[in-house]
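One letter stands for each residue in the lines below.
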Amino acid sequence: METLRLRYDAGPEGARALAHAARLLRAGRLVAFPTETVYGLGALATDASAVRKIFTAKGRPQSNPLIVHVADEAAAHQVAAAWPERAARLAARFWPGALTLVLPRAPGIPAIVSAGLSTIAVRVPAHPVAQALLREVGEPIAAPSANRYTAVSPTTAEHVQKSLGGRIDAILDGGATPVGIESTVLDLSGDRPTLLRPGSVLREEIEEVIGAVDEREGLTAMEGEARSSPGLSRRHYAPDARVRLLPPEAIEGFLRNLDETAGVLSRFPKPPGVEAAWVQLPGDAEGFARQLYGALHSLEDLGVRWVVLEELPPGPEWAGLRDRLARAGG
Ligand code: TXA
Ligand code: MG
């Protein structure tokens, strides 16, 4: 299959690209599109056979539930079978935005979307292209990140092309995504709200709105069978190389003893005498998140045998990034 590249801009060509993408989705085809976090691989959430194609294109096990994207809170009410007070308060504070809520699934959403679970993950994306697409389609869109299963998530249309080119119908190209890591996932379906995946909406910010939030068990516990969010497998967001997570002061020594090619992601400048490919990322969490996946993709393109990731500081604003680096290194 040839993957069509539809370029979005603010003019009439952008409007045509959007209309074409919406037509494809309504016809049950797969279209990747930008959200503020990462690119999503979209299919009509109400069409079970369209959703099945997502799993095939990604090579993703059908035990791994998807996120449903809707244009606004009113549309989210159609996807969820219950809308607790906590959901209303969080939606008012964080939507549109990078917070995904897990709630009981409404009967109109086929079971395959949430891998047979009785719950559904839903969010209202803030990206103007995602918003415009959802309004043009007029239906909820199921969309996981637009990458092959366990590969690094895409923050540009080029990343999507590299991972899924030839396997999906189209890519709606809206430029680089501003946040850069996937949304925060919060489970509101049980008695106590539980953070399933940290992201740019911080646990502390959520607690300001709804009070105490539990955290899912640590990474190693997630490897067991009994995890509540099957997509949170240990090795995820992983580049195509051996990965090592090290404290800043251990990196030079590690490189000295290595006789294979390596690339380093660091918040600090490259020390003199180091031969490895070295990508310096911003020292603030927001800037780091925006550039992280692009940097991993560029090291992958260089074909280095090792990717060395530098351990991150302890602050709450780094929680989502610590999680992604731990998974990449698993
Ligand atoms: O930012 C994002 O969330 C991006 C953009 C495209 O919206 N999407 C994304 O989707 O990262 P995906 O499929 O790569 O990750 C979805 C996460 C997985 O960890 C999955 O296990 C969890 O959400 N999830 C989805 N539905 C769930 C459910 N019903 N119960 C528990 N976890 C669920
Ligand atoms: Mg993903």
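Residues numbered from 1 in each chain as written. Chains lettered and ligands numbered in written order. Predicted model: local features only at pLDDT ≥ 70, side-chain atom pairs only at ≥ 80, totals over all residues. Heavy atoms only, no water.

### Observations regarding the sheet that holds strand 2 (residues 31-34)
Line of reasoning, step 1. Spatial strand order, 1-8-2-3-7-4-6-5-9-10-11: 11 strands in an open sheet with mixed pairing. Each edge of the open sheet is held by one strand with a lone partner, namely strand 1 (4-7) and strand 11 (214-215).
Line of reasoning, step 2. Looking at chain direction, strand 10 (residues 194-197) and strand 11 are connected through 2 bridges and run parallel. By the bridge assignment, L195 is partnered in strand 11 with E215.
Line of reasoning, step 3. Contacts from helix 2 (residues 48-58) reach strand 3 (39-44) and strand 7 (141-142) within the one sheet, and its direction differs from that of strand 3 by about 145°.
Line of reasoning, step 4. The strands that helix 6 (residues 157-164) touches are strand 1, strand 2, strand 3 and strand 8 (170-173); relative to strand 8, the one it contacts most, it runs at about 165°. (Pairing = 2+ DSSP bridges. Helix = DSSP H or I, 4+ residues; strand = E, 2+ residues; numbered from the N terminus. Contact = heavy atoms within 4.5 Å. Axes fitted to C-alpha atoms, helices over the stretch in contact; angles between N-to-C directions.)

### Structural notes on helix 1 (residues 12-26)
Line of reasoning, step 1. Taking 1.5 Å of rise per residue, the 15 residues of helix 1 would be expected to cover 21 Å, and the 21 Å separating its terminal C-alpha atoms lies within 8% of that figure.
Line of reasoning, step 2. Looking only at helix 1, the buried set comprises G14, A17, L18, A19, A21, A22, L24 and L25.
Line of reasoning, step 3. Close packing links the buried residues of helix 1 with strand 1, strand 2, strand 3, helix 5 (128-137), strand 7 and strand 8.
Line of reasoning, step 4. Taken from the residues just after helix 1, G28 is the one with a positive phi, measuring 85°. (Expected span 1.5 Å × (residues − 1). Buried < 20%, exposed > 50% of the residue type's maximum accessible area, 1.4 Å probe, protein only.)

### Some points on unusual backbone geometry
Glycine aside, a negative phi is what most residues show, and trans is what most peptide bonds show.
Line of reasoning, step 1. For the bond running from W95 to P96, omega is -5°, close enough to zero to count as cis.
Line of reasoning, step 2. One non-glycine residue, A115, adopts positive backbone phi at about 55°.
Line of reasoning, step 3. On the secondary structure map, A115 appears in the loop between strand 5 (99-104) and strand 6 (119-123).
Line of reasoning, step 4. With relative accessibility at 23%, the residue A115 sits in the partly exposed group.
Line of reasoning, step 5. Non-glycine residue T150 carries a positive phi angle of around 70°.
Line of reasoning, step 6. Looking at the element boundaries, T150 is found in the loop between strand 7 and helix 6.

### Comments concerning the side chain of R267
Line of reasoning, step 1. For R267, the location among the structural elements is in the loop between strand 13 (262-266) and strand 14 (277-280).
Line of reasoning, step 2. With a relative accessible area of 17%, R267 lands in the buried category.
Line of reasoning, step 3. With sequence-adjacent residues up to four places away left out, R267 is seen in contact with Q280, L281, P282, G283, F288, E310, E311, L312, P313 and W318.

### A look at the sheet that holds strand 14
Line of reasoning, step 1. If you trace the 4 strands from one edge of the open sheet to the other, you get 12-15-13-14, paired in parallel fashion. If you trace the sheet from one side to the other, it starts and ends with strand 12 (242-246) and strand 14, each paired once. Strand-to-strand, the axes of this sheet are offset by a mean angle of 20°, without reference to chain direction.
Line of reasoning, step 2. Sheet topology note: the strand 12/strand 15 (residues 306-310) ladder contains 5 bridges and is parallel. Bridge pairing links R244 to V308 in strand 15.
Line of reasoning, step 3. Along the sheet, helix 10 (residues 285-302) contacts strand 13, strand 14 and strand 15; its crossing angle with strand 13, the most-contacted strand, is approximately 170°.

### Structural notes on the confidence of the model for the protein chain
Line of reasoning, step 1. In the predicted model, the protein chain carries a mean pLDDT of 93, and 93% of its residues have values of at least 70.
Line of reasoning, step 2. Within the protein chain, the element-level pLDDT minimum falls on helix 8 (residues 219-222), averaging 37, and the maximum on strand 2, averaging 99.
Line of reasoning, step 3. For the stretch residues 219-234, pLDDT sits under 50, and the model shows 28 contacts to residues farther than four places along the chain or on other chains. (pLDDT = per-residue confidence, 0-100.)

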